[in-house]
Each structure stands twice: as structure tokens, then as C-alpha cells.
Amino acid sequence: MVNIKINFDIDSYKTKFVDGARAYLFFAMFTFPPGIDEPVVYSNVVMSSLLSPLGYGAKDNVVPYMVKSTSIPDSTFEELIIPYPGLPYKMAGTRTYGDWTVSFNVDNEGVLLRKFHNWHDWIYEPSNNYQTGADFYMVDQNLFLLDGTGNATHKIQLVQAWPKSLGAVGLDYSSTDIATIDVSFSYQYYKVYKLDANSTQTTILQSLINKVAGKPIGGLF
């Protein structure tokens with residue numbers, strides 16, 4: 001038996017991981033159904049000139065918001081096992097996607113809090129027993145991953161999303177923390193797109209991120 005010695009330096013190995021993605025470098029752009037009782041944040045001019053390269057139209061009800069925390073949902077295949085002599089044969093079955101949960105700070109004006117509750121009322125309004133069709137309350141949502149300089153590197157598009165649940169908002173006289181709410185989205189599936197760091201999209205995102213400062217924005221352009 002021949003022993004082969006491999007020169008291995010753990011410190012040198014660790015220094016190779018200098019360009020890893022950071023968990024805090026992300027940006028979410030919420031799109032709400034156009035029928036809810038809140039005005040569109042941006043004018044048609046702004047939507048056409050600034051946000052159209054990101055795939056948004058002039059009639060989209062869009063609010064960019066620096067959320068507190070979120071995650072890229074999991075994607076799972078059901079395992080199908082086919083009986084086979086000697087060794088079972090495993091293959092992919094139904095693909096499922098986990099819920100997309102977003103935790104965000106409640107702003108002083110309560111803009112997003114009202115929007116999400118209006119969205120739930122848009123799905124079903126208990127006072128008049130009115131229910132909206134799925135085509136009207138399902139809206140694509142976008143999550144952007146950023147590099148260390150603020151450029152968007154990837155876009156995660158959640159197709160036909162809707163708020164499955166609105167979490168409780170904790171209120172406490174003894175706390176000075178900002179109130180938060182967790183929103184869980186259901187959706188059909190999601191796609192991951194690579195973005196060009198030098199594109200118009202990333203330039204627009206940098207401008208939006210710089211202006212958001214942790215709360216919904218309006219009338220800033």
C-alpha cells in the first residue's frame with residue numbers, strides 16, 4: 001500500500017472564498033393587484049421610463065421595499081421508487097415549491113400593512129361575501145440578489161403569487177423595536193435569472209435601493 005501525502009493548508013483554502021454571496025444583499029419589489037384600494041406609487045411616466053426595463057408596466061401597482069428578512073424558497077421533487085430486481089429504481093415525481101415568507105418592518109404610515117390587508121380583502125371580502133377570481137389576485141413577485149457594490153446579479157421571479165397568510169403584528173409597551181409582520185406567499189413556481197451587472201436594470205435597482213432607506217417610497221423621482 002502506497003501512502004500519498006497531499007499538501008493542504010486550511011488557511012489558504014479559506015482565502016479562496018472571498019467572493020461568496022452575502023445573505024444581507026438582496027432587494028424585494030412587491031407588485032400588488034391593480035384593484036386594491038391603494039393608489040399606484042409611481043406615475044405612468046416613472047413606470048415607463050425607469051421600471052419598464054425591469055419588466056413592469058405603467059399600470060402595475062409596485063412598491064419597492066427593503067424587507068427585514070426573507071429567503072429563496074426550497075424546490076423539491078417527490079421521489080418515485082420503481083421496484084426492480086436487486087435494486088429499486090429511483091426517479092423524480094411531482095415537483096413542489098415551498099412558501100415564500102417575507103418579514104418586513106411596518107412603516108409609520110402603514111402603507112404596506114394596508115396594502116396586504118386590502119389584498120386579502122380583494123381575494124375574499126367577508127362583509128359582502130365577494131370573492132375575486134384567481135386571475136385578478138395572483139401577481140408575479142420579484143426578489144433580486146445583489147453583489148457587494150449594489151449591482152443586481154440574479155432575479156428570482158415567483159409566478160402567480162398571492163399572500164397565503166398575514167402574520168400577527170406584535171405590540172408591546174415595554175419594547176422599542178420596530179413592529180414587523182410576516183407574510184407567506186403561495187405561488188405556482190419560481191425561475192432564477194442571471195442579470196448583467198452593467199445593464200440598465202441594475203442601474204435602476206441601485207437608484208431604488210439608495211432611495212428606499214427601509215420604507216416604501218413615493219414621489220421621490
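Quick caveat: nothing in here was measured; it's all calculated off a predicted structure.

Reading the values: rules and limits
Position labels on residues start from 1 in each chain and follow its written sequence. Two thresholds apply to this predicted model, a pLDDT of at least 70 for residue-level local features and 80 or more for giving and counting side-chain atom pairs, whereas whole-chain, interface and lining totals are computed over all residues. Remark: hydrogens and water are excluded; side-chain values derive from all non-hydrogen atoms of the structure. What counts as a helix is a DSSP run of H or I of at least four residues, what counts as a strand is a run of E of at least two, and both are numbered from the N terminus. Relative accessibility thresholds used throughout: buried, under 20% of the residue-type maximum; exposed, over 50%; partly exposed, between the two (1.4 Å probe, protein chains only). By definition in these notes, contact holds between two residues if any of their heavy atoms fall within 4.5 Å. Stacked, edge-to-face and tilted labels apply to pairs of Phe, Tyr and Trp rings (six-membered ring for Trp) whose centres lie within 6.5 Å, assigned for plane angles under 30 degrees, over 60, and everything in between, in that order. Any Lys NZ or Arg CZ that is within 6 Å of a ring centre and within 35 degrees of that ring's normal is treated as a charge sitting over the ring. A patch is a set of surface residues, each over 30% in relative accessible area and not in a salt bridge, joined within 9 Å for like charges and within 5 Å for the nonpolar side chains Val, Leu, Ile, Met, Phe, Trp and Tyr. Every accessible area reported is derived by Shrake-Rupley at a probe size of 1.4 Å, with residue values counting cover from the shown protein chains alone. Any Lys or Arg side-chain nitrogen located within 4 Å of an Asp or Glu carboxyl oxygen qualifies as a salt bridge. Only buried residues count toward a nonpolar core, which is a set of Ala, Val, Leu, Ile, Met, Phe, Trp, Tyr and Cys residues joined through side-chain atoms within 4.5 Å.

Q: Lay out the side chain of Ser186 with the relevant residues and their values.
A: Considering the arrangement of structural elements, one finds Ser186 in strand β10 (residues 180-186). For Ser186, a relative accessible area of 19% corresponds to the buried category. In contact with Ser186, not counting residues within four places along its chain, are Asp99, Gln160, Ala161, Trp162 and Lys164.

Q: I'd love a proper account of the packing of aromatic side chains, names of residues and values included.
A: In total, this model carries 11 aromatic pairs according to the counting rule given. On the numbers, 6.0 Å between centres and 75° between planes, the contact of Tyr137 with Trp162 is edge-to-face. Of this pair, Tyr137 sits in helix α4 (residues 134-137) while Trp162 sits in strand β9 (residues 152-166), and the two are 25 residues apart along the sequence. Taking relative accessible area as the criterion, Trp162 reaches 23% and is therefore assigned partly exposed. Put simply, the rings of Phe32, Trp100, Phe104, Phe116, Trp119 and Phe185 pair up and form one aromatic cluster. Against the face of Phe32 rests Lys115, its NZ or CZ located 5.0 Å from the ring centre.

Q: For a nonpolar patch on the surface, give the residues involved together with the corresponding values.
A: Residues Leu80, Ile82, Tyr84, Tyr89 and Met91 make up a contiguous nonpolar surface patch of about 520 Å² in total accessible area. Residue assignment for the nonpolar patch shows that the elements contributing at least two residues are β3 (75-82) and β4 (89-97). Topologically, Met91 is positioned in strand β4.

Q: An account of the nonpolar core is needed here, citing residue identities and associated values.
A: One recurring pattern in soluble globular proteins: nonpolar side chains tend to sit buried together. Phe30, Trp100, Phe116, Trp119 and Phe185 are the most contacted members of the largest nonpolar core, which totals 26 residues. The contact partners of Trp100, leaving out residues within four places of it in the chain, are Phe30, Thr70, Ser71, Pro73, Gln141, Leu143, Leu158, Val183, Ser184, Phe185 and Tyr187. Within the second largest apolar cluster, seven residues are counted, among which are Leu25, Phe27, Ala152 and Leu195.

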